[in-house]
Amino acid sequence: TTLQKFKVLGLGSCHLNDFPDFLRNQDQLEVLLLGSNTIHGQIPKWIANVSKDSLVILDLLANFLTGFDQTLGTLPWTGLKELDLSDNKFQVSLPIPPPSIISYDISNNSFHGEISQMICNLSSLSYLDVSYNNLSGFLPQCLRNLRNLSVFNLQHNNFHGRIPQIFLEGCKLRMISLNHNGFQGPLPSSLANCT
């Protein structure tokens, strides 16, 4: 137990099997790295209040997390730029990070449902990896609002329908992966804007 306030806390690969209780008192964290541990179950409610206004990077990759101990439409950290929930066991609908997010990786889970139109408000988003999940439905047309997107990985899901004309002039896309879905029809001609 510590009363010390941290800005950067790296506890990756430390054989943790639960969220450390002393995190409850941390309100100045900017970087929290808890990846590659053996934390099981749901993310507790109190985690949503940890450094709510200061957290920039949150890494929970490669644990055994299944969901959130509360219903979350939008994640609570207002200045979050990087979020990695990949390689877990999440079995919930896709949570939406705050508009500040640049990198969002939820790959290799069991997230389900459709991509909410709320994701189109993430104008700073550059890296989006939702691969190897159970996401479904049509891709929203408003994805064209994601003008900074450079990595767009949707492979191994259950998306269907046509790929919309979402690639505008000045497209910054460097990598796109749509394989192992149920898309139909021609490739969108707007892909030609992604040089």
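Everything that follows concerns the structure shown earlier in this document.
Residues numbered from 1 in each chain as written. Predicted model: local features only at pLDDT ≥ 70, side-chain atom pairs only at ≥ 80, totals over all residues. Heavy atoms only, no water.

> Even after reading the chapter, I still don't get the environment of Leu-75, so can you show me in this structure?
In this fold, Leu-75 is placed in the loop between β5 (64–68) and β6 (82–84). Owing to a relative accessible area of 4%, Leu-75 belongs among the buried residues under this scheme. Taking C-alpha positions, Leu-75 is 25 Å from Cys-14, a pair spaced 61 residues apart along the chain. Aside from chain neighbours lying at most four places away, what touches Leu-75 is Phe-68, Leu-83, Pro-95, Ile-96, Pro-97 and Pro-98. (Helix = DSSP H or I, 4+ residues; strand = E, 2+ residues; numbered from the N terminus. Buried < 20%, exposed > 50% of the residue type's maximum accessible area, 1.4 Å probe, protein only. Contact = heavy atoms within 4.5 Å.)

> Would you explain the pattern of salt bridges in this entry?
Side-chain pairs of opposite charge can arise where the charged atoms are in close proximity. A full pass over the atoms with the stated rule returns three salt bridges. When the shortest N-O distance is used, the salt bridge between Lys-5 and Asp-27 registers 3.4 Å. In this pair, Lys-5 sits in the segment before β1 (8–10) while Asp-27 sits in the loop between β1 and β2 (31–33), placing the two residues 22 residues apart along the sequence. Here Lys-7 ties to Glu-30 by a salt bridge, and the two come within 3.9 Å at their closest N and O atoms. Note that Lys-7 is positioned in the segment before β1 and Glu-30 in the loop between β1 and β2, a separation of 23 residues in sequence. (Salt bridge = Lys/Arg side-chain N within 4 Å of Asp/Glu carboxyl O.)

> Quick question: what am I supposed to make of the sheet that holds strand β8 (residues 112–113) here?
Paired through backbone hydrogen bonds, the strands of a sheet run either parallel or antiparallel to each other. With respect to topology, four strands assemble into an open sheet ordered β8-β10-β12-β14, the strand pairing being parallel. Edge positions in the sheet fall to β8 and β14 (182–183), since each of these pairs with one other strand and no more. (Pairing = 2+ DSSP bridges.)

> Even after reading the chapter, I still don't get the packing of aromatic side chains, so can you show me in this structure?
The geometry of two aromatic rings is summed up by the distance between their centres and the angle between their planes. For the structure shown, the criterion picks out four aromatic pairs. Ring geometry for Phe-6 and Phe-22: centres 6.3 Å apart, planes at 65°, overall edge-to-face. Taken as a pair, Phe-6 in the segment before β1 and Phe-22 in the loop between β1 and β2 lie far apart in primary sequence, 16 residues in all. In textbook terms, an aromatic cluster arises when at least three aromatic residues are bridged by ring pairs, as seen for Phe-68, Phe-90 and Phe-111. (Phe/Tyr/Trp six-rings, centres within 6.5 Å; stacked < 30°, edge-to-face > 60°.)

> How should the environment of Pro-76 be read in this particular structure?
Relative to the helices and strands, Pro-76 is located in the loop between β5 and β6. Residue classification places Pro-76 among the buried residues on the basis of a relative accessible area of 16%.

> Is there a simple way to explain unusual backbone geometry in this structure?
Most of the time, phi is negative for any residue but glycine, and the peptide bond is trans. Phi is positive for Ser-51, close to 50°, though the residue is something other than glycine. Checked against the element boundaries, Ser-51 lands in the loop between β3 (40–43) and β4 (57–59). For Ser-51, a relative accessible area of 0% puts it in the buried group. For His-156, which is not glycine, the phi dihedral falls at a positive 60°. Note that His-156 resides in the loop between β11 (151–153) and β12 (158–161).

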